[in-house]
Amino acid sequence: MKYTATVEDRDFEVDIDRSGEVVVDGVAHAVDLRPIDGTSLFSLIIDNESHELLVERREGMYYVYLAGNRLAVDVGDARLKALIAMSRKKAGETSGATVFAPMPGLVVKVLVEPGAVVSEGDGLVILEAMKMENEIRSPSDGVVRLVSATAGSAVNIGDVLVIIDASTDGLGDVAVEGSADGSAQEAGGTSTAPNGSAGKASP
Amino acid sequence: MKVLIANRGEIAVRIIRACRELGHDSVAVYSDVDRTALHVRHADEAYRIGPPPASESYLRVDRILEAARASGADAIHPGYGFLAENAAFAREVADAGLIFVGPPADAIRDMGDKIRARRSMIAAGVPVVPGTDSETRMSDPELVASAAEVGYPLLVKASAGGGGKGMRRVNSYEELPGAIAAARREAMNSFSDDTLYIERLIEGARHVEIQVLADAHGNVIHLGERECSLQRRHQKVLEECPSPAVTPELRATMGAAAVEAARAVGYVSAGTVEFLLDANGTDFYFLEMNTRLQVEHPVTELVTGVDLVKQMLRIAGGRKLRITQDDIEWNGHAIECRINAEDPFNDFMPSTGRVTSLLEPSGPGVRVDSALYEGYEVSLYYDPLVAKLCVLGESRPDAILRMRRALDEYRIAGIKTTIPLHQRLMNLTQFISAAYDTSYLETHFSMDSSTDDDLHRIAAIAASMLAHQHRGDVINRLAPSGPSEWKRFGQRQGMRT
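Cut-offs applied
Every chain is numbered independently, its residues counted from 1 as its sequence is written. Whichever chain is written first becomes A and whichever ligand is written first becomes 1, with later ones labelled in order. Owing to the predicted nature of the model, reporting of local features is limited to residues with pLDDT of at least 70; listing and counting of side-chain atom pairs is limited to 80 or more, with chain, interface and lining totals taken over all residues. Working definition: helices are DSSP H or I runs of at least four residues, strands are E runs of at least two. Numbering for both runs from the N terminus. Burial in this document is a count-based property: other C-beta atoms within 10 Å of a residue's C-beta are tallied, and the residue is buried at 20 or more, exposed at 12 or fewer, or partly exposed in between, with C-beta positions derived from the backbone. We call two residues in contact when their backbone-placed C-beta atoms lie within 7 Å. Radius of gyration here is computed from C-alpha atoms only, and the compact-globule reference equals 2.2 Å multiplied by the residue count raised to the power 0.38. For helices, the axis comes from a line fit to the C-alpha atoms of the stretch in contact; other axes are also lines fit to C-alpha atoms, and the angle between any two N-to-C directions lies between 0 and 180 degrees. For this classification, under 35 degrees means roughly parallel, over 145 means roughly antiparallel, 65 to 115 means roughly perpendicular, and everything else is oblique. Residues are sorted three ways: Asp, Glu, Lys and Arg are charged, Ala, Val, Leu, Ile, Met, Phe, Trp, Tyr, Cys and Pro are nonpolar, and all the rest, Gly among them, are polar. We call two strands paired when DSSP finds no fewer than two bridges between them. When buried Ala, Val, Leu, Ile, Met, Phe, Trp, Tyr and Cys residues are joined through C-beta atoms within 7 Å, the set is termed a nonpolar core. One less than the residue count of a helix, multiplied by 1.5 Å, gives the span that helix is expected to have. Note on convention: near helix rotated counterclockwise from far helix by under a right angle means a left-handed crossing. Clockwise means right-handed. Per residue, pLDDT measures the predictor's confidence, with a range of 0 to 100. Arc definition: it is the arc formed by the directions from the helix axis to the C-beta atoms.

## Some words on the overall build of chain A
Thought 1: For chain A, the helix and strand inventory stands at 2 helices and 16 strands.
Thought 2: Looking at chain A as a whole, 31% of its 203 residues qualify as buried.
Thought 3: Intrachain contacts of chain A at a sequence separation of at least 6 include 54% that bridge at least 24 residues.

Right, dumping it as C-alpha cells:
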C-alpha cells in the first residue's frame, strides 16, 4: 500500500508491503513498530535506530510526540477517506462546528450570543479550571447558532458550549434555539462526531 | 511524633517520606477522588475529609482538625497551597493543642497581607519595589490616580495574592480599568479579599528567592538562592540553584537581607523571601515572603545537602538548629522541571484523564517527586502540578545535559504534560546561556514544530504504519457480512481482512 504522509509542509511517499518492509521516498528501511501500553506509546526501530514515541489519533490526523515536538501527520489515503465520508453522509450528519468543553470547569463568562458573527480565534466562553481562567475560542468563522453555556454553571468535559454554523447563510433560523440549559443531547443530532464512521460498525 | 499532612499530591508524599525517615507516624487526609492517591497509600493512617472540591475537603479546617483528633496526631504539616498560608488555620491548630509545622500565625498574617509586608520591610530596611502602600483598601479611582504616580508599565496585584492570581500587567492607562476589574474578580474568587495594590513593573528583572531556616530560639540562617525566572502566566516553570546571575558576594548580601526580613516578622520554620533582581544584576527588591515550604525546595536540598522538610519537623518539635550559617555550602548545580498536566501544544490547556503508562527517569543525579502511578486519574479539582523532576550536576552545563537525558527517559501516556516544553527549554540557546528574564517565555518562546527532516521522516513512518493498521480495522468494521463493495475494496487493495 502506498501512502502520502504529510508532516507539516513536507510530503513523504511511504510504501508498506505485506512483509513489513517500508520504502520511504524510494529508500527501503527495515522498520519494526511495537506497542508498549496498547494505546499511545510505541517503540520504533528504523534500520537499528531506536526511537520511542507517543502517538495520538484525532479527527483523522496523527499527532506524533517526539523529542519535544508534536508533529501533525496527515496520511493521505484518498479512496478510504471518500468511502468513510460517504458512509457518514448516509448516516445523516451535517456540517458545522460544535465547540465542546475541553475540560470540566466552571463557566465564568459567556462572550457571545446567538446570532453573533464570529471569526476563527474569537473568544466564546471563559472557563475556569484548575484555578485558572481559560478562553475557549472559535475554531472557525461563522454565526453562533446555539449557546448552551451559562455563566456560573459547571460543565463536564465534552459538554456542548456553543454551536457555530460554518457560513453566514443561516442567519434566518438563529433566534429560536437560544435556550439556556442545553446539554449534549440537544446538540447530538447536529454535531459532527470525529469518529462518526464507527457508528455504522455493527449492523 | 504523629504528623497529619493537610495536603495531597506530590508534596504530601514528600512530607510522608520525611516523617518515615525520622520515625514519625504519618496521617493522610483525602477527598473522595483521592481515595487511591499515592499519599493515602504511603501514609500510616488515612482519613476521608469530604467530596472532591477543595472547598469541601482540603480547605475544610473543621474536618482536618477532626481527623487530627481522631488519629491522635501531635502536629499538622500544611505543605504548600490550600491552608499553608492561612493564619487563621495556624491559630486554630495551635488552639487545638497541636503543633503547626510552619511559622507562627502572626508571621503568616504579617507576610500574607502583601501591603502590610511591604510596610514592615520598609521599616526593617529591606528594599521594596516602588508602589502604593496605603493602609486602607484603595477604591478603583484611588488606584487609577496612584497608577499615574507609579508609572507604566505596572502590575496590579492582590494584597492577599500569590502564584499570579489576582495579578495583571498594565501597559497603559487604557488597560487599567479592565485589569483592575479582572484582578478584583480573580482575587475575590481565590482569596475572598479583593484589596489591590500597584507596583512598578521592573522590566528585564529576574526572580531570585532566598531560602531561610529559623528556629524558635532566635537562630536564622539562609541557604542561598533559587533562580525562578522562567515563568508562564506568573507561574514558575523551572527553577535552578544556584542562580547563574548571582555571585557569592550578591548571595551574601541578599541572604543577609532575607534573614532581616524573617527576623522582622519573628519568623520560625522554613520560609522563602522572594526578590526581583534587576537586569544589571546589582539592585534587588523584596517581592514577598512565602511562609511555607516551596514547590521548588528540592533544588536547594540537592545543592546544600540539607533536608528542609526534616528541618521543619525538628524545628516544630522545639529543637535548635544544629547547622550554622558557616556550615552551609553550595555544591554543584540543580535544576527542577515542573511537570504539569497541561498541553503545551494547545495553549497549556489543563489535561485530565487516566495515566495509561508511566516510566520515570532514574540513574545518577536524578530525583523525581511525583503523585503519579499507572492507573492514576488526573482530575480537574486541583493544581495541574503532578510531578517534579530534579537533577544535580557538577556544574550548570552538566546539570543541563543530565536534565536532557532524564526528560528523554520520562514517559507519561494518557495525559498531556509539559515534558515537551522542558525538552525544548533544555536545547534553547537563551536558557543554556542563562540570558532570560521573567517575561522570556511569554514574549520570545513558541512550541512551533522542529524543521528537522529526520524527525519528520520518523513521524511519517510511524503514522503511515498506524494508518495502515487502522485501515485494515476500518475496512473490517465497515464491511457487512457477505460480499460487498467494502470487502471487494479491501481485497483489491491487498488488505488482510
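## Section: the overall build of chain B
Thought 1: The secondary structure content of chain B amounts to 17 helices and 22 strands.
Thought 2: Here the C-alpha atoms of chain B give a radius of gyration of 25 Å, agreeing with the 23 Å that 2.2 N^0.38 yields for 497 residues.
Thought 3: Per-residue burial over chain B gives 53% buried out of 497 residues.
Thought 4: A sequence separation of at least 24 residues applies to 64% of the contacts in chain B between residues at least 6 apart.

## Focus: the packing of helix H4 (residues 87-95) of chain B against helix H5 (residues 105-112) of chain B
How two helices sit against one another is set out by the angle between their axes and by the gap between those axes.
Residues and elements named next belong to chain B.
Thought 1: Relative orientation of the contacting elements H4 and H5 amounts to 175°, with a least axis distance of 8 Å. If you check the angle between H4 and H5, you find them roughly antiparallel. Contact residues: H4 offers Ala 87, Ala 90, Arg 91 and Ala 94, while H5 offers Ala 105, Ile 108, Arg 109 and Gly 112.

## With respect to the interface of chain A and chain B
Thought 1: Residue-level contacts link 56 residues of chain A with 40 residues of chain B.
Thought 2: In terms of residue class, the side of chain A that touches chain B is made up of 38 nonpolar, 9 polar and 9 charged.

## Notes on the sheet that holds strand E7 (residues 61-66) of chain A
All names here are of chain A.
Thought 1: In spatial order, the strands read E1-E2-E3-E4-E5-E6-E7-E8; together these 8 strands close into a barrel with antiparallel pairing. Direction aside, neighbouring strands of the sheet carry axes that sit 35° apart on average.
Thought 2: Both strand E5 (residues 41-46) and strand E6 (residues 49-58) contribute to a ladder of 6 bridges, which runs antiparallel. Paired with Ile 45 across the two strands is Ser 50, which belongs to E6.

## As for the nonpolar core
Thought 1: Grouped together as the largest cluster of nonpolar side chains are 176 residues, with contacts concentrated most on Val 64 of chain A together with Phe 275 and Ala 462 of chain B.
Thought 2: When residues in this core are grouped by element, the largest group, 8 residues, is from helix H16 (residues 453-478) of chain B.
Thought 3: Sequence-distant contacts of Ala 462 of chain B, that is, excluding residues within four places in its chain, are made with Leu 33, Phe 42, Leu 44, Leu 53, Val 55 and Val 64 of chain A.

## As for helix H8 (residues 176-191) of chain B
Residues and elements named next belong to chain B.
Thought 1: Here H8 spans 21 Å end to end across 16 residues, near enough to the 22 Å set by a 1.5 Å rise per residue.
Thought 2: Of the positions making up H8, those classed as buried are Leu 176, Ala 179, Ile 180, Ala 183, Arg 184, Glu 186 and Ala 187.
Thought 3: Where H8 ends, the next residue or the one after it, Ser 192, has phi of about 55°, a positive value.

## Here's the deal with the sheet that holds strand E14 (residues 333-340) of chain B
Residues and elements named next belong to chain B.
Thought 1: Taken in spatial order, the 8 strands of this open sheet run E13-E12-E9-E10-E11-E14-E21-E19, and their pairing is antiparallel. Each edge of the sheet is formed by a strand with only one pairing partner; in this case those strands are strand E13 (284-290) and strand E19 (366-370). Ignoring strand direction, the axes of neighbouring strands in this sheet form an average angle of 25°.
Thought 2: Across 4 bridges, the pairing between strand E10 (residues 220-232) and strand E11 (residues 235-241) is antiparallel. Note that in E11 the partner of Arg 232 across the bridge is Gln 235.
Thought 3: The strands touched by helix H12 (residues 396-409) are E14, E19 and strand E21 (385-393); relative to E21, the strand with the most contacts, the crossing angle is about 135°.

## A word on the environment of Lys 320 of chain B
Thought 1: Relative to the helices and strands, Lys 320 of chain B is located in the loop between helix H11 (308-316) and E14.
Thought 2: For the pair Lys 320 of chain B and His 422 of chain B, spaced 102 residues apart in sequence, the C-alpha to C-alpha distance is 39 Å.

## Things to note about the packing of helix H6 (residues 114-124) of chain B against helix H9 (residues 248-264) of chain B
Residue and element names in this part refer to chain B.
Thought 1: Interaxial distance between H6 and H9 falls to 10 Å at its minimum, and their mutual angle equals 115°. Where H6 crosses over H9, the handedness of that crossing is right-handed. Facing Ser 120, Met 121 and Ala 124 of H6, the residues of H9 in contact are Glu 260, Ala 261 and Ala 264.
Thought 2: Of the residues assigned to the contact of H6 with H9, the class counts are 4 nonpolar, 1 polar and 1 charged.

## Describing the pairing of E14 of chain B
Remember that side chains alternate between the two faces of the sheet whenever the strand is regular.
All names here are of chain B.
Thought 1: Judged by how many residues are buried, E14 sits mostly within the fold: 8 of 8 residues are covered.
Thought 2: What you see with E14 is no split at all: His 333, Ile 335, Cys 337 and Ile 339 on one side and Ala 334, Glu 336, Arg 338 and Asn 340 on the other are buried throughout.
Thought 3: Looking at chain direction, E11 and E14 are connected through 4 bridges and run antiparallel. When the bridges of E14 are listed, Leu 238 appears paired with Cys 337.
Thought 4: The sheet contact formed by E14 and E21 spans 8 bridges and is antiparallel.

## Let's talk about the confidence of the model for chain A
Residues and elements named next belong to chain A.
Thought 1: Confidence along chain A averages 76 in pLDDT terms, with 72% of residues attaining 70 or more.
Thought 2: Ranking the helices and strands of chain A by mean pLDDT puts E5 first, with 95, and helix H2 (residues 184-188) last, with 33.
Thought 3: Between residues 168-203, whose pLDDT stays under 50, and residues either more than four places distant or in other chains, the model counts 58 contacts.

## Some thoughts on the confidence of the model for chain B
Thought 1: With 96% of its residues at a pLDDT of 70 or more, chain B has an overall mean of 93.
Thought 2: For this predicted complex, the interface confidence comes out at an ipTM of 0.81, alongside a pTM of 0.80.

## Here's the deal with the environment of Pro 153 of chain B
Residues and elements named next belong to chain B.
Thought 1: Examined against the element boundaries, Pro 153 turns out to sit in the loop between helix H7 (140-150) and strand E6 (154-158).
Thought 2: When the C-alpha atoms of Pro 153 and Met 138 are compared, they prove to be 19 Å apart, with 15 residues separating the residues in sequence.
Thought 3: Those residues in contact with Pro 153, other than ones at most four positions away along the chain, are Arg 169, Val 170, Asn 171 and Leu 201.

## Some points on H4 of chain B
Residue and element names in this part refer to chain B.
Thought 1: Among the residues making up H4, those that are buried are Ala 87, Phe 89, Ala 90 and Val 93. The buried residues of H4 occupy an angular sector of 165° when the element is viewed end-on, so they sit on one face. Residues of H4 that are exposed and point over 90 degrees away from its buried face: Ala 88 and Asp 95.
Thought 2: Residues of H4 that are buried in the fold lie against helix H3 (61-71), strand E4 (75-77), strand E5 (99-100) and H5.
Thought 3: Gly 97 lies just past H4 and shows a positive phi near 80°.

## Let's talk about unusual backbone geometry
Thought 1: In this structure, Pro 153 of chain B follows Tyr 152 of chain B across a cis peptide bond, with omega equal to -5°.
Thought 2: For the bond from Cys 241 of chain B to Pro 242 of chain B, the omega torsion is 0°, close enough to zero to count as cis.
Thought 3: In the Ramachandran plot, Asp 25 of chain A falls in the positive-phi region, its phi being about 50° despite a non-glycine side chain.
Thought 4: If you trace the backbone, Asp 25 of chain A turns up in the loop between strand E3 (21-24) and strand E4 (27-35).
Thought 5: One non-glycine residue with positive phi stands out, namely Ala 434 of chain B, at about 60°.
Thought 6: Following the sequence through the fold, Ala 434 of chain B ends up in the loop between helix H14 (429-432) and helix H15 (440-444).
Thought 7: The class for Ala 434 of chain B is partly exposed, based on 14 C-beta atoms found within 10 Å.

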